[in-house]
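As a plain string of letters, each chain reads:
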Amino acid sequence: MESNKHDIENIPYKEKSFCALPWIHLATHPIGTVTPCCITDMENDMSTAKKDGFNMFLNKDKLEDIANSDLFKDIRKQMMKGEYPAACKTCYFYEKSQVYSKRMESNLKFKEHIDACFSNTLEDGTLKKVDYRYIELRLGTVCNLKCVTCNPFSSNRWNEDVSAFKGTEFEKSYFKCDIRTEWYRDIKFYDELLTKCENLEEVWINGGEPTLIREHGYFLEKLIEANKAKNINLHYSINMTSIPDHFIEIWKKFKHVRLHLSIDDLEERNDYIRYGSKWEIIYNNFKKILQYKDLFRLEVCQTVSLLNVMNIDNFKKFCLDHDVVVAHNYVHHPSFHHISALPSPLKEKLLAEIKYLRPDEKKRLTAELEQTPSVDAFSKFQEFTKLLDIKRNLKIYNYLKEWNNLL
């Protein structure tokens, strides 16, 4: 079923640094901030739209103003000059390693709009007209799971465990997050958005857990009423704890539906990593959605971290056995969960035993492993895991056997 379709040498762009996304894309985040895309560098809010030095938010700022914020204008201006914006360093890093990047994927997908990007832009990087072709809606923090690699800013259930890090170095990154303005439930936001996407081609919806935010159905139903849905690709990330029939009926009205099924590992391993999930429920819902594989494009999205990388090949076999594609989303934040912190003997063992990953997948895995880990990354991973396990009354090695005697 799978094949490597990516021809790295044949990707269209005006300049080596150019990416279409800062021109045609809206990338929202759970608390209501906006970045040029979902993988721009998030450290210290360096990629977030700002006004007078303060973050802009979807509940109070106009989409027009966000799209033409100083940072976004600067990124477009740099790219038009062939320069490399610091916010976009992730894609440039992958490309130096000859790994297919989101920039390449986006330029290929939206290649017919590249010339219009330039003609729609003033010299200072301002867009003459905001017309989103691609929208990503991260619908708040409402979630029923608290995955180990997640945080309070993407799952409100994580607020229950932040006390585990009180008085430690992790406290500054893991603290209670209260979203007092639920922009993702505001019909006025969706009405404004509809005026900025006359030629919309793709919508990607995730969360939190989007199936718990029923208000976004209003936006999708408006697209159906306007007879636009049949021309729009719909992309979802769902955590597989439930598959609401109501949304399945909505999805059927769109041109092409791609469902990212968020599963990180198998059986009790998945229950530990995606804490709050139950494998029996996940697997039953997995089998349910497989019944729609001829109608929807199904793709398992595995978030790869230190927790599960040693089982990545077995997980790939599981996906192959069920004839479903798997996409690997490597954790970069927090850095102590990145797989580069894996002890060298385990890296060698992992790569030597790969059987099922495609060559390009193994190449990507190798590139991630060869990155220079942050200072004390592994010791921070050990300490973080210990603190969280105490809070949750768990022991990692009872679920992830490879960590026995290491943590």
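Scoring rules and cut-offs
- Residues numbered from 1 in each chain as written.
- Predicted model: local features only at pLDDT ≥ 70, side-chain atom pairs only at ≥ 80, totals over all residues.
- Heavy atoms only, no water.
- Core = buried A, V, L, I, M, F, W, Y, C linked by side-chain atoms within 4.5 Å.
- Buried < 20%, exposed > 50% of the residue type's maximum accessible area, 1.4 Å probe, protein only.
- Helix = DSSP H or I, 4+ residues; strand = E, 2+ residues; numbered from the N terminus.
- Contact = heavy atoms within 4.5 Å.
- Phe/Tyr/Trp six-rings, centres within 6.5 Å; stacked < 30°, edge-to-face > 60°.
- Lys NZ or Arg CZ within 6 Å of the ring centre and 35° of its normal.
- Pairing = 2+ DSSP bridges.
- Salt bridge = Lys/Arg side-chain N within 4 Å of Asp/Glu carboxyl O.

J.: Give a detailed account of the nonpolar core, specifying residues and quantitative values.
T.: Counting 76 residues, the largest nonpolar core has Phe219 and Trp251 as the members making the most contacts within it. Here this core takes 5 residues from helix 11 (residues 279–290), the largest share from any one element. Apart from residues lying up to four places away in sequence, Trp251 is in contact with Leu234, Tyr236, Ile238, Val257, Leu259 and Phe296. Core analysis: the second largest hydrophobic core is formed by 39 residues, Leu307, Leu365, Ile396 and Trp403 among them.

J.: How would you summarise the packing of aromatic side chains if you had to cite specific residues and measurements?
T.: Under the criterion given, the structure shown has 34 aromatic pairs. Plain terms: the ring middles of Phe18 and Trp23 are 5.0 Å apart, the flat faces sit at 45 degrees to each other, and that makes the pair tilted. Of the residues examined, Phe18 reaches a relative accessible area of 0% and is grouped as buried. Residue classification places Trp23 among the buried positions, given a relative accessible area of 4%. Taken together, a centroid distance of 5.8 Å and an interplanar angle of 65 degrees make the contact between Phe165 and Phe170 edge-to-face. Accessibility assignment for this pair places Phe165 and Phe170 in one class, buried. Ring pairs connect the aromatic residues Trp158, Phe165, Phe170, Tyr174, Phe336 and Phe384, which therefore count as one cluster. The side chain of Arg364 reaches across the aromatic face of Tyr94, ending 4.4 Å from its centre. Its end group placed over the ring of Trp158, Arg392 keeps NZ or CZ at 5.1 Å from the ring centre.

J.: Can you explain the sheet that holds strand 10 (residues 325–330)? Please cite residues and give values.
T.: Spatial ordering of the open sheet is given by 2-1-5-6-7-8-9-10, a layout of 8 strands whose pairing is mixed. With one partner strand each, in any of the chains shown, strand 2 (34–35) and strand 10 form the two edges of the open sheet. Summarising the sheet, strand 1 (residues 25–28) and strand 2 pair through 2 bridges and their orientation is antiparallel. From the neighbouring strand, Thr28 faces strand 2, where its bridge partner is Val34.

J.: Please provide a residue-by-residue account of the pattern of salt bridges, values included.
T.: Under the definition given, this model contains 31 salt bridges. Linking Arg392 and Asp161 is a salt bridge whose minimum nitrogen-to-oxygen distance equals 2.7 Å. In this pair, Arg392 sits in helix 15 (residues 377–392) while Asp161 sits in the loop between strand 5 (134–138) and helix 7 (187–194), placing the two residues 231 residues apart along the sequence. Arg185 is the partner of Glu215 in a salt bridge, and the nearest nitrogen-oxygen pair spans 2.9 Å. Of the two residues, Glu215 sits in the loop between strand 6 (202–206) and helix 8 (216–225) while Arg185 sits in the loop between strand 5 and helix 7, which places them 30 residues apart along the sequence. Judged by its relative accessible area of 26%, Glu215 is partly exposed. Within this structure, Lys146, Arg157, Glu160, Asp161 and Arg392 form a network of salt bridges that share partners.

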